[in-house]
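Overview (structure and organization)
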Amino acid sequence: MSGYLPKRRRLLDYAQILVAAVLMWASFPDLAYWFLIFPSVILLVSALDRSRAGRATWYGFVFGLGFFLPHIWWATVSVGSYLPWLALATVQALFLALFGLSVAWVRQISALQRSPFLYALCVGVLWVAVEQLRGRVPFGGFPWGYIAYSQVDSPLRTLAPWGSEVAIGLVVVTSCVLVRRAFGFVPAFCTSPIRRVGAVAIATLIVVMPFALTLDARAEGGSLRVGVIQGNIELPADATFAQYLKVTKNHVQTTEEALASGMKADIILWGENSMDHDPRSDAKAKAMLDGVAKRAGVPIVVGVLRYEDDARWNEAVVWYPDGSVGEVYTKQLPVPFGEYIPMREYLSILSKETAKVSTDMLPGIEPGVMNVDLAGRQLTMGVGICFEAAYERIFSEAAQLGAQMLFVPTNNSSFGYTPESTQQLQMVRLRAMSMSRTAMQVSTNGVSAIVRPNGTMLKVTDLYQPDWIVEDVPLRTSLTFSAKWGEYLNYTVMALGGLLLVIGCIRTIARHSEINYAR
């Protein structure tokens, strides 16, 4: 009978962890029940609280797999197989394993055992530190599934200008750990009713405090009438791209229909790869773009792939009505395995999927800023292409360089009817709030949207439907805390997390030595 209880306890632990993973998955699109993030984190830290280092590490890994496998299942649609999906989910789960190990070690620090709030704050620091770390390594990282992205519709969104991903994630996890301590039965914590009530009060306070903050959406630099064109890419996407200038024709036709319907705009935006041939080198593509730009009478920003020798670049190009080419932004962070193969000589041997990327995409070296001449005035846009929406540092740099609005051209056609595009839109909304700028997600095939500086959205298009949006949007110039100091905050929290991990490791080793000596 003595062996039965531990076995039952482990089964309950696994059930609890899987429920936590499902709840976290459900807090993101397409379900997007943001409030489920709280019971998810509470259940996770509850399981970690009663586990030693080895088991806590394993539990963190199981939770990570349980969350990431369904969260990024769109990867199977994109590449047409399961191996890259499993590999990516496994790598991300390893970071959650590190979080589990960190919690087990930090729990041994004596000062934290005496203070529920300090312990909860440190666990929050560990979580956001791990998030920031996995958003940077390996190969540039994968900042998908940050807690903050699930909260763009929650009251905590007002924290976005004051620390963005770190501030929101820290508040969520810290409050959850405090609630767990208040209602848990951990001898070293909350041993009296007063301390339990105090923990709940503090948790409530840090969640309620953001209600006092506001998100300013007023114009500071005038307004701009923006036209967004979603020309569409019919499925299967590869077959559509295989037809010469088919994607370009779709976008030209949708733009002409919008103009015929009375659309008047100061600038028109197309999505990533909206020109399936580079108009700077393809005469027919140039003629088509020249024609529609002349009819519009305003600059059109288009997406192209530029090829030279054995390399390619992903670019956004300003095209003027007179056929001249304006500024060009080149994607700074190509997607590993999707747009280039890191360590190709080794990794392309492991899977036929990696060999599909026959020409590596090289990174741009200039910041994500484009200056556009608009009939007597100049517009400065912050630009990040597709998955760059997940990297806040691109947009904070752009804001510091004078960006008055944000533009995210994207091509989601390889992801089918999955939540990938709506997950990305959550990131764009967080960028809008963090930088206090209007932000546009402009997709070739959906979803496209214009997001106000306060995170609210104007019309959102459907997937795989030609469509267009035109709206007056405010231009803003002031810099938020996140824009000015966000990157310093990110590195600070990673340094603090690393320091906590080292101290916790030393304390754990010392405690084991003390126990062994006592024996």
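Structure's up top.
So, a few notes on the structure that sits alongside this text. Just so it is clear, the model here is predicted, and its values are computed rather than measured.

**A closer look at the overall build of the protein chain**
A tally of regular secondary structure across the protein chain gives 16 helices and 12 strands. Against the compact-globule benchmark of 24 Å for 519 residues, the protein chain has a radius of gyration of 25 Å, which places it among compact chains. If one aligns the C-alpha atoms of the protein chain with their principal axes, the spans along those axes are about 85 × 55 × 35 Å. For the protein chain, the proportion of its 519 residues judged to be buried stands at 56%. A sequence separation of at least 24 residues applies to 70% of the contacts in the protein chain between residues at least 6 apart. Split by element, the accessible area of the protein chain, about 21400 Å² in all, is 63% carbon and sulfur. Side-chain charges of the protein chain comprise 44 positive and 40 negative groups, with the mean position of each set lying 14 Å from the other.

**Notes on the pattern of salt bridges**
Evaluation of the coordinates by the stated rule reveals 22 salt bridges. Between Arg136 and Glu487 there is a salt bridge, with its nearest N and O atoms 2.8 Å apart. Taken together, the residues span a long stretch of sequence, with Arg136 in the loop between α7 (116-134) and α8 (164-183) and Glu487 in helix α16 (residues 481-518) at a distance of 351 residues. For Arg136, a relative accessible area of 16% translates into the label buried.

**Focus on the environment of Ile233**
In this fold, Ile233 is placed in the loop between β1 (223-230) and α10 (237-242). Sequence separation of Ile233 and Tyr417 is 184 residues, and the distance between their C-alpha atoms is 13 Å. Here Ile233 is in contact with Thr240, Phe241, Val247, Asn411, Ser413, Thr444, Asn445 and Tyr464, once residues within four sequence places are set aside.

**Thoughts on helix α3 (residues 53-71)**
Between its terminal C-alpha atoms α3 stretches 27 Å, which fits the 27 Å expected from 19 residues at 1.5 Å a residue. Those residues of α3 that sit buried are Ala56, Tyr59, Gly60, Phe61, Val62, Phe63, Gly64, Phe67, Phe68 and His71.

**Re the sheet that holds strand β12 (residues 467-474)**
For sheets, the rule is that strands pair by backbone hydrogen bonds, running either parallel or antiparallel. Taken in spatial order, the 6 strands line up as β5-β4-β3-β2-β1-β12 in an open sheet, and their pairing is mixed. This sheet does not close on itself; its edge strands, each paired only once, are β5 (325-330) and β12. The average angle at which neighbouring strand axes cross in this sheet is 35 degrees, direction not considered. As judged from the 2 bridges shared by strand β2 (residues 267-269) and strand β3 (residues 300-308), these two strands associate in the parallel manner. For Leu269, the partnering residue across the bridge sits in β3 and is Val301. Lying on the sheet, helix α12 (residues 283-296) is in contact with β2, β3 and β4 (311-319); it crosses β4 at an angle near 25 degrees.

**Focus on the packing of helix α2 (residues 37-49) against α3**
Relative orientation of the contacting elements α2 and α3 amounts to 155 degrees, with a least axis distance of 9 Å. Classified by the angle their axes make, α2 and α3 are roughly antiparallel. Of α3, the residues touching α2 (which contributes Ser40, Leu44, Ala47 and Leu48) are Ala56, Tyr59, Gly60 and Phe63. Partitioned by chemical class, the residues of the contact of α2 with α3 number 6 nonpolar, 2 polar and no charged.

**What about unusual backbone geometry?**
With an omega of -10 degrees, the peptide bond between Val137 and Pro138 qualifies as cis. Take Pro138: it is sitting in the loop between α7 and α8. Val447 follows Gly446 through a cis peptide bond whose omega is -5 degrees. Assignment of secondary structure puts Val447 in the loop between β9 (438-443) and β10 (449-451). For Ser164, which is not glycine, the phi torsion reads 50 degrees and is therefore positive. With respect to the secondary-structure elements, Ser164 resides in helix α8.

**Quick word on the environment of Ile506**
Following the sequence through the fold, Ile506 ends up in helix α16. On the accessibility criterion, Ile506 (54% relative accessible area) is exposed. Sequence separation of Ile506 and Trp105 is 401 residues, and the distance between their C-alpha atoms is 8.5 Å.

**Overview of the packing of aromatic side chains**
Per the counting criterion, the structure on display carries 18 aromatic pairs. Where Tyr14 meets Tyr59, the ring centres are 5.6 Å apart and the plane angle is 75 degrees; that geometry is what we call edge-to-face. With Tyr14 in helix α1 (residues 4-26) and Tyr59 in helix α3, this pair connects stretches of sequence that are 45 residues apart. Given the relative accessible area of 27%, Tyr14 is considered partly exposed. Judged by relative accessible area, Tyr59 falls into the buried class, the value being 0%. Taken together through their ring pairs, the aromatic side chains of Trp74, Phe142, Trp144, Phe387 and Phe415 make up a single cluster. Positioned over the ring face of Tyr491 is Arg136, at 4.9 Å from the centre of the ring. In this arrangement the basic side chain of Arg306 is found over the ring face of Trp313, its NZ or CZ atom lying 4.3 Å from the centre.

**Some words on the sheet that holds strand β7 (residues 377-383)**
Across the sheet, 6 strands lie side by side as β6-β7-β8-β9-β10-β11; this open sheet has mixed pairing. The sheet is open, and its two borders are formed by β6 (369-374) and β11 (457-460), each paired with just one other strand. For this sheet the average axis-to-axis angle between neighbouring strands, irrespective of direction, equals 20 degrees. Where β9 meets β10, 3 bridges bridge the pair, whose relative direction is antiparallel. Looking at β10, one finds that Met440 is bridged to Ile450. Contacting β6, β7 and β8 (405-410), helix α14 (residues 392-400) runs over the sheet at an angle of about 160 degrees to β7. Against the sheet, helix α15 (residues 420-435) touches β8, β9, β10 and β11, its axis set at about 160 degrees to β9.

About the cut-offs
Residues numbered from 1 in each chain as written. Predicted model: local features only at pLDDT ≥ 70, side-chain atom pairs only at ≥ 80, totals over all residues. Heavy atoms only, no water. Helix = DSSP H or I, 4+ residues; strand = E, 2+ residues; numbered from the N terminus. Rg over C-alpha atoms; globule rule 2.2 N^0.38 Å. Buried < 20%, exposed > 50% of the residue type's maximum accessible area, 1.4 Å probe, protein only. Contact = heavy atoms within 4.5 Å. Areas by Shrake-Rupley, 256 points an atom, 1.4 Å probe, with all protein chains shown as cover. Lys, Arg positive; Asp, Glu negative; His and termini not counted. Charge placed at Lys NZ, Arg CZ, Asp CG, Glu CD. Salt bridge = Lys/Arg side-chain N within 4 Å of Asp/Glu carboxyl O. Expected span 1.5 Å × (residues − 1). Pairing = 2+ DSSP bridges. Axes fitted to C-alpha atoms, helices over the stretch in contact; angles between N-to-C directions. Parallel < 35°, antiparallel > 145°, perpendicular 65-115°, else oblique. Nonpolar A, V, L, I, M, F, W, Y, C, P; charged D, E, K, R; others polar. Phe/Tyr/Trp six-rings, centres within 6.5 Å; stacked < 30°, edge-to-face > 60°. Lys NZ or Arg CZ within 6 Å of the ring centre and 35° of its normal.

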